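# Results of the structural survey
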Amino acid sequence: MVRVGRWTRLILIALLSTALLSGCQQIRTNLGLGSSGDSNVGREVERSMRRMMRAAPSLERDHVLIVTSFANVDALGRSSRLGRMLGQHSAASITRRGFNVVEILLSDTLYIDPKQGEFLLTRDVARLASRYEADAVVVGTYTVAHDIVYVTSKLVRSSDALVLAADNFELSIGPNMRRLLH
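These remarks concern the structure in this document.

Moving on, we get to the pairing of strand β5 (residues 148–157). As defined by bridge partners, strand β4 (residues 136–144) adjoins β5 across nine bridges and the pair is classed as antiparallel. Bridge pairing in β5 links Gly140 to Ser153. Here β4 folds back onto β5, and the loop between the two strands holds three residues. Taken together, the nine bridges between β5 and strand β6 (residues 163–172) define a ladder with antiparallel strand orientation. Across the sheet, Tyr150 pairs through a bridge with Glu170, a residue of β6.

What follows is the structure, given as structure tokens:
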């Protein structure tokens, strides 16, 4: 039987602990979680937009889209930093896929409260779609639970409000996400 000294045991314990902890970090990364426990918002939105755009085969690359801030489902007239970020990430993802996205933040036809972002109310859809010849609008909502934000995004045809595609995803709430929600 091999005798192991006290220092050797301590070094082995330290090495094993480091290996186990780095394995836990890899698991968190594979689940889409950062070191803080927050989801990777950009990656989750990118995946969601990819699924949604694939589910709408009638949408052509030369079609014009408008993307709005995502609204809190418990207060549809309000958004948050997270809601504005979800809208901006969605627009960037769709643009990277080669679709034409109108930047309505530069529009003079829609009042934008800097604290709330841009919202597309039902009565505004036809007016904005007509002005920009937008074929579809990406809208979204989110709801906050104890430690998860549930997000829904929809691709809506502007001519008749028909939902062409929709997707859901979840975001884990860590310290960074909490700041985005307030």
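Read on for the rest.
Note that strand β1 (residues 64–67) and β4 share three bridges and pair parallel. Within β4, the position partnered with Leu65 by the bridge is Ala136. Note: strand β2 (residues 71–72) against β4, two bridges, orientation parallel. Bridge pairing in β4 links Ala71 to Thr141.

Looking now at the packing of helix α2 (residues 41–54) against helix α3 (residues 81–96). Running from N to C, α2 and α3 point in directions that differ by 55 degrees, and their axes come no closer than 9 Å. Comparing the axis directions of α2 and α3 gives the class oblique. Considering only the axes of α2 and α3, their crossing is right-handed. Residues Val41, Gly42, Val45, Glu46, Met49 and Met53 of α2 pack against Met85, Leu86, His89, Ser90, Ser93, Ile94 and Arg96 of α3. Counted by class, the contact of α2 with α3 contains seven nonpolar, four polar and two charged residues.

What follows covers the pattern of salt bridges. Within this structure, the stated rule accounts for five salt bridges. For Glu44, the salt bridge goes to Arg47, with nearest N and O atoms at 3.3 Å. Highlighted residues: Glu44 and Arg47, both in helix α2, separated by three residues, approximately one helical turn. Residue class for Arg47 comes out partly exposed when judged on its relative accessible area of 32%. Between Asp167 and Arg51 there is a salt bridge; the shortest N-O distance is 2.7 Å. Of the two residues, Asp167 sits in strand β6 while Arg51 sits in helix α2, which places them 116 residues apart along the sequence. Residue Asp167 is classed as buried on the basis of its relative accessible area of 11%. Each of the salt bridges in this network shares a partner with another, and the network as a whole consists of Glu46, Arg96 and Arg97.

Parameters and conventions
- Residues numbered from 1 in each chain as written.
- Predicted model: local features only at pLDDT ≥ 70, side-chain atom pairs only at ≥ 80, totals over all residues.
- Heavy atoms only, no water.
- Pairing = 2+ DSSP bridges.
- Helix = DSSP H or I, 4+ residues; strand = E, 2+ residues; numbered from the N terminus.
- Axes fitted to C-alpha atoms, helices over the stretch in contact; angles between N-to-C directions.
- Parallel < 35°, antiparallel > 145°, perpendicular 65-115°, else oblique.
- Left-handed = near helix turned anticlockwise from the far one by under 90°.
- Contact = heavy atoms within 4.5 Å.
- Nonpolar A, V, L, I, M, F, W, Y, C, P; charged D, E, K, R; others polar.
- Salt bridge = Lys/Arg side-chain N within 4 Å of Asp/Glu carboxyl O.
- Buried < 20%, exposed > 50% of the residue type's maximum accessible area, 1.4 Å probe, protein only.

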